[in-house]
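Residue-level structure breakdown
These are the residues of each chain, in order.
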Amino acid sequence: MYTVLNVNPLLMPIGLDESVKASQCVLKLSAKYFVEKKALSGSIVIVGINPQAFTKKFLLQTVHNGIKYSIMVKTPYYPHANASHFREKAKNYMMVLENQLDLKNYLKLLSKLPTWNPFAKTIVLYEKQKNESSENLAKLFINELHAMKLLRVIVLLYSALDDEIISYSWNPYSETNCGGKCETVYILDRCKDNLISQIEVQKEMFPLDLRGCPLLTYVVISEPYVMPPVRKLTSELWNDAYEFQKGVEINLVKIISQFTNMTLITRMSENEENWGAIYSNGTATGAFGLLRNDSVDLVIGNIEVTRTIRKWFDPTVSYTQDEMTWCVPRARRAATWDNVVTIFQWSTWLATLICLMIMSLLFHFMNYKENEGKVSKWPTNLILKTFGMLLGWSVMLDPRSATFRILMIGWLCFSLNMGISYEALLRSFLMHPRFEKQISSEADLIQSGIPLGGREIYRSYFETNNASSFYLYHKYNSTSFSEGVRQAAYERNFAVVSSRRQAMYKDHILGRGESLIYCFAESDNLYKYGVALLARNWYPLLDRFNNIIRSVSENGLIEKWSEELFNRPKGAERTSIVPLGMQHLLGAFLLLGVLDLICIIVFIGELVYSCTQKRTFSLYSDYKKW
């Protein structure tokens, strides 16, 4: 049976064979409890209406005609039709029970529907028998609903003897309870003869002050989101509790615990990066496994919200964005031996050498013409002097003609220009060394052939039909994030799929301020994702946490915490001036060594030539004497 007038869910079972006045009480009480601060905006789901009972005639008719609700009537005793077409979450449930066992059947039915919503308000209506205790009944129903994570519960108990309905409620969070089972209840209202007598005002089920209730958090080390712990804590309840002080998400959960007045407990596995895995049947391991069986309230550590995670858990609002990208070894510096030579292109060097030879020959010709018979016929001396002028050295020449002097002035101007250019470029080369070609795209990565990989969960991203993804998928090596970045930074033979923020911070620490890895530009990212905290499914305080996270993010605290970690990393020493070392001037020393070697070879050659000449002359003299 299905009647829809509006859009709001409520549940009611059957089993009351009483007067219209009782139905009117149910109508008034449900209107009071459901509407509260906001008007109804969903459907009322009524479960288990018995066509033989009075509710067919009175209860359903009264509720339907009294207030314009949308009503959905369901029964757990017949197979339910496919409800995948209607996915709006229920806002209110009302369950009318004929006996105590009906409640489990109703919950079994509702929990399988796409409209299932434990955050909804729930009213249970039941006619108690003579030998049943009202308070015990109320606690029994509340605890059965609590097992299904329904906490916003009100129990209406009808007494046939008194023709009266009494409403009971409870406090999930109080001085003696922190979301555990119901141990005490209190009376809200009594309704008789269509008149409501208020006994007690309904208390806030999730108060602003949670009175030190524990906030159980499971931590996965993910710098800079979660920094390593300071020390291990001794606790009777948890043997894996640690104290954390630094990290964006550590600061965030500390703010949440302070605003809600909860006691923060941070647990951590000894295993590195123990996020765990989630399987198709809902079972999970690691941190996800603890969250799945409700052993912890939150898991933190750079959680990327995927479709699978959203299916089994409740993430908070995203408080920042990160990027998934490739990070590879940073290109090495180019060879320094040629720093002295590669300042100019080969064509510039060739043109300079030709100019040097031409000017040397012209100077020699003019000098020989002016000092005929006084200078050598060989141009060696003038070549050296012309080269000395090019280097800015002091040279002794005595030009007499105007042409000779003009040529010298022109050569000096040319030498001055070349010397200034060379010196300026040499300084630039020494202070800004050149690098080899950087791997900066997937095409470069494939062409390089270096091993690649990352966390196993990212492998499926490359399972597509295009050529590059096919190659990356089959070459992918599963490894932890920290090991992948360390291998890329130190061993320089690995490309890792990584969070950009994590990789940059890890690189900053490993290189002590000097970058060891290169992450692809934003245009070559794999994708962007929102970072969130991960709460257990249907966590009742999630809305409160989301409001706090929005406030913290809007006030700029997230960015402030991130900047503090990046600006002052432990052990990092950054400097803007790099002192020159042997590696910068290696080319100059190599050139000097080559020239010295040439001089030694020439000197040895001269000695051999001189000895040969002397020996030849001695033999010739002896021959003449003979």
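How each quantity is defined
- Residues numbered from 1 in each chain as written.
- Predicted model: local features only at pLDDT ≥ 70, side-chain atom pairs only at ≥ 80, totals over all residues.
- Heavy atoms only, no water.
- Helix = DSSP H or I, 4+ residues; strand = E, 2+ residues; numbered from the N terminus.
- Buried < 20%, exposed > 50% of the residue type's maximum accessible area, 1.4 Å probe, protein only.
- Contact = heavy atoms within 4.5 Å.
- Areas by Shrake-Rupley, 256 points an atom, 1.4 Å probe, with all protein chains shown as cover.
- 1 Å grid on protein atoms, 1.4 Å probe; cavity = no way out; pocket = protein on both sides within 12 Å on 5 of 7 lines; lining within 4 Å.
- Points joined across faces, edges and corners; volume = space filled by probe spheres on them.
- Nonpolar A, V, L, I, M, F, W, Y, C, P; charged D, E, K, R; others polar.
- Salt bridge = Lys/Arg side-chain N within 4 Å of Asp/Glu carboxyl O.
- Axes fitted to C-alpha atoms, helices over the stretch in contact; angles between N-to-C directions.
- Parallel < 35°, antiparallel > 145°, perpendicular 65-115°, else oblique.
- Left-handed = near helix turned anticlockwise from the far one by under 90°.
- Pairing = 2+ DSSP bridges.
- UniProt positions renumbered as here; feature names shortened; annotations may be inferred.
- Disulfide = S-S within 2.5 Å.
- Core = buried A, V, L, I, M, F, W, Y, C linked by side-chain atoms within 4.5 Å.
- Polar contact = N/O pair within 3.5 Å; in protein donor to acceptor, adjacent residues only side chain to side chain.
- Patch = residues over 30% accessible without salt bridge, like charges linked within 9 Å, V, L, I, M, F, W, Y side chains within 5 Å.
- pLDDT = per-residue confidence, 0-100.

Attention now goes to the overall build of the protein chain. Each helix and strand counted, the protein chain has 17 helices and 21 strands in total. The proportion of buried residues among the 626 residues of the protein chain is 45%. Long-range contacts, defined as pairs at least 24 residues apart, comprise 75% of the intrachain contacts of the protein chain with a sequence gap of at least 6. On the protein chain, roughly 34,500 Å² of surface is accessible, and the fraction owed to carbon and sulfur atoms is 57%.

What follows covers the layout of surface pockets. Its boundaries defined by the atoms lining it, the second largest pocket holds a volume of some 850 Å³. Among the elements of the structure, helix H8 (346-370), helix H9 (380-391), helix H10 (402-431) and helix H17 (586-625) are those that each provide at least two residues to the lining of the second largest pocket. At 8 residues, the largest contribution of residues to the lining of the second largest pocket is made by H10. Its residues assigned to classes, the lining of the second largest pocket comprises 20 nonpolar, 4 polar and 1 charged.

Our focus in this paragraph is empty space enclosed by the protein. Across all of its chains, the model carries 3 cavities of 30 Å³ or more by this definition. Space inside the largest cavity adds up to approximately 60 Å³. What lines the largest cavity is simply Trp275, Asn302, Met324, Arg455, Tyr458, Phe481, Val497, Ser498, Ser499, Gln502 and Tyr529. At 3 residues, the largest contribution of residues to the lining of the largest cavity is made by strand E19 (residues 495-499).

To continue, consider the environment of Ala334. Relative to the assigned elements, Ala334 resides in the loop between strand E16 (320-329) and H8. The sequence separation of Ala334 and Phe435 amounts to 101 residues, and the corresponding C-alpha distance is 4.5 Å. Setting aside chain neighbours within four positions, we find Ala334 in contact with Arg434, Phe435 and Glu436.

Taken as a whole, this structure holds 13 salt bridges when the rule is applied. In this structure, the salt-bridge partner of Glu164 is Arg190, at a minimum N-O distance of 3.5 Å. A residue pair is termed long-range when its members are at least 10 positions apart, and Glu164 in strand E7 (residues 164-169) and Arg190 in strand E8 (residues 186-192) qualify at 26 residues. With relative accessibility at 29%, the residue Arg190 sits in the partly exposed group. A salt bridge links Glu323 to Arg500; the shortest N-O distance between them is 2.4 Å. Of the two residues, Glu323 is situated in strand E16 and Arg500 in helix H14 (residues 500-510); the sequence distance between them amounts to 177 residues.

Another aspect to go through is H14. Of all 11 residues in H14, 9 are buried, a share of seventy percent or more. Within two residues after H14, Arg512 carries a phi angle of roughly 50°, on the positive side.

Where helix H13 (residues 481-491) contacts H14, the axes come no closer than 10 Å and their chain directions differ by 50°. By the criterion of interaxial angle, the relationship of H13 to H14 is oblique. Here the hand of the crossing between H13 and H14 comes out right-handed. Contacts from Phe481, Ser482, Val485, Arg486, Ala489 and Tyr490 in H13 reach Gln502, Ala503, Lys506 and Leu510 in H14. In terms of residue class, the contact of H13 with H14 is built from 6 nonpolar, 2 polar and 2 charged.

It is worth spelling out the pairing of E16 at this point. With 9 of 10 residues buried, E16 lies mostly within the body of the structure. As judged from the 5 bridges shared by E16 and strand E21 (residues 527-535), these two strands associate in the antiparallel manner. Its bridge partner being in E21, Gln321 is matched across the sheet by Gly530. Direction of pairing for E16 relative to E19: antiparallel, over a ladder of 4 bridges. In the sheet register, Cys327 faces E19, and the bridge partner there is Val496. Direction of pairing for E16 relative to strand E20 (residues 517-519): antiparallel, over a ladder of 3 bridges. Looking across to E20, one finds that Val328 is bridged to Tyr518.

In the numbering used here, UniProt assigns the feature "transmembrane region" (unreviewed entry) to residues 346-366, 378-396, 402-425 and 585-609. End C-alpha to end C-alpha, residues 346-366 measures 30 Å, and it is 100% helix and 0% strand. Measuring from the first to the last C-alpha atom of residues 402-425 gives 35 Å, for a span that is 100% helix and 0% strand.

Take the state of the cysteines next. All told, the structure shown has 3 disulfides when counted by the stated rule. Each disulfide pairs two cysteine sulfurs, and for Cys25 the partner residue is Cys191, the sulfurs being separated by 2.0 Å. Because the torsion about its S-S bond is -80°, the bridge between Cys25 and Cys191 counts as left-handed. A residue pair is termed long-range when its members are at least 10 positions apart, and Cys25 in helix H1 (residues 20-35) and Cys191 in strand E8 qualify at 166 residues. Judged by relative accessible area, Cys191 falls into the buried class, the value being 0%. For Cys327, the disulfide goes to Cys519, at an S-S distance of 2.1 Å.

Below, the discussion takes up the nonpolar core. Met95, Phe141, Tyr319, Trp326 and Leu445 are the most contacted members of the largest nonpolar core, which has 84 residues in total. With 6 residues, helix H5 (residues 248-260) is the single largest residue contributor to this core.

When you tally the buried positions in E19, you get 5 out of 5 residues, the bulk of the element. Side-chain alternation along E19 places Ala495, Val497 and Ser499 on one buried face and Val496 and Ser498 on a second face that is also buried. Strand direction decides the pairing type here: strand E17 (residues 452-454) and E19, joined by 2 bridges, are parallel. Its bridge partner being in E19, Gly453 is matched across the sheet by Val496.

This paragraph deals with the environment of Ser111. Mapped onto the elements of the fold, Ser111 is located in the loop between helix H3 (102-110) and strand E5 (121-128). Between the alpha carbons of Ser111 and Met148 there is a distance of 8.3 Å; along the sequence they are 37 residues apart. One polar contact links the side chain of Ser111 to the main-chain carbonyl oxygen of Leu107, over a distance of 3.0 Å. A distance of 3.3 Å separates a polar side-chain atom of Ser111 from the backbone oxygen of Lys108.

Moving on: a nonpolar patch on the surface. A surface patch of nonpolar side chains, amounting to about 520 Å² of accessible area, comprises Trp346, Leu350, Ile354, Ile358 and Leu362. Here Ile354 shows up in helix H8.

As a further point, take the confidence of the model for the protein chain. Parts of the model with low pLDDT should not have their predicted coordinates read in detail. Put simply, the protein chain has an average pLDDT of 82, and 83% of its residues get 70 or more. At the level of individual helices and strands, the protein chain shows its lowest average pLDDT in strand E1 (residues 2-3), which scores 28, and its highest in strand E10 (residues 214-219), which scores 96. Contacts from residues 1-17, a stretch scored under 50 in pLDDT, to residues over four places away or in other chains number 97 contacts.

Here we take up the side chain of Ser499. Counting through the fold element by element, Ser499 comes out in strand E19. On the accessibility criterion, Ser499 (3% relative accessible area) is buried. Here Ser499 is in contact with Tyr225, Asn302, Asp322, Glu323, Met324 and Tyr529, once residues within four sequence places are set aside.

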